[in-house]
Amino acid sequence: IVTRRPLVLQLHKTEVGAQEYAEFLHLPKRRFTDFAAVRKEIKDETDRVTGMAKMISPVPIHLSIYSPNVVNLTLVDLPGLTKVAVEGQPDSIVEDIENMVRSYVAKPNCIILAISPANQDIA
């Protein structure tokens, strides 16, 4: 599992020439201009809530990106559906992820984009 907590990503279009930066809701008033640091903060914040094991949490991480190169849009990255628990995960993980995903995709204005590796047979 790569995504272990929902990531609510809000893209905000800024004026041309403005510097790109990111802000996390859990770190008010701190601006990130190094996007490698953004990736690290997502991992660190995930581990803080879920631990180092492959546990999941429905508590979202809120990230806002400000850039002249984006459109105003909100995306939510969710843990992928799975059929079996791996070592260290509770047996309920399949149902836990499914319930979490359903809580987001049940919203009437939701557009679902499902990603699957091209080298895997999903049939």
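Everything below is about the structure shown above.
Concerning the overall build of the protein
Scanning the protein from terminus to terminus reveals two helices and four strands. The burial tally for the protein puts 29% of its 123 residues in the buried class. Within the protein, counting contacts between residues at least 6 apart in sequence, those at least 24 apart form 72% of the total. Looking at the protein as shown, the accessible area adds up to about 8,800 Å², and 56% of this sits on carbon and sulfur atoms. Computed over 14 positive and 15 negative side-chain charges, the separation of the two mean positions in the protein equals 4 Å.

Details of unusual backbone geometry
A negative phi angle characterises most non-glycine residues, just as the trans form characterises most peptide bonds. Positive phi is not limited to glycine here, since Lys29 has a value of about 70 degrees. Residue placement: Lys29 occurs in the loop between β2 (21–24) and α1 (35–50).

Some words on the packing of aromatic side chains
Throughout the structure, instances matching the rule amount to two aromatic pairs. Taken together, a centroid distance of 4.7 Å and an interplanar angle of 15 degrees make the contact between Tyr21 and Tyr66 stacked. Note that Tyr21 is positioned in strand β2 and Tyr66 in strand β3 (residues 61–67), a separation of 45 residues in sequence. Considered together, Tyr21 and Tyr66 belong to a single accessibility category, that of buried residues. Centre to centre, the rings of Phe24 and Phe32 are 5.3 Å apart; their planes meet at 85 degrees, and the pair counts as edge-to-face. By relative accessible area, which is 4% here, Phe32 ends up buried. Of note, Arg31 hangs over the ring of Tyr21, and the distance from its end group to the ring centre comes to 3.9 Å.

Parameters at a glance
Residues numbered from 1 in each chain as written. Predicted model: local features only at pLDDT ≥ 70, side-chain atom pairs only at ≥ 80, totals over all residues. Heavy atoms only, no water. Helix = DSSP H or I, 4+ residues; strand = E, 2+ residues; numbered from the N terminus. Buried < 20%, exposed > 50% of the residue type's maximum accessible area, 1.4 Å probe, protein only. Contact = heavy atoms within 4.5 Å. Areas by Shrake-Rupley, 256 points an atom, 1.4 Å probe, with all protein chains shown as cover. Lys, Arg positive; Asp, Glu negative; His and termini not counted. Charge placed at Lys NZ, Arg CZ, Asp CG, Glu CD. Phe/Tyr/Trp six-rings, centres within 6.5 Å; stacked < 30°, edge-to-face > 60°. Lys NZ or Arg CZ within 6 Å of the ring centre and 35° of its normal.

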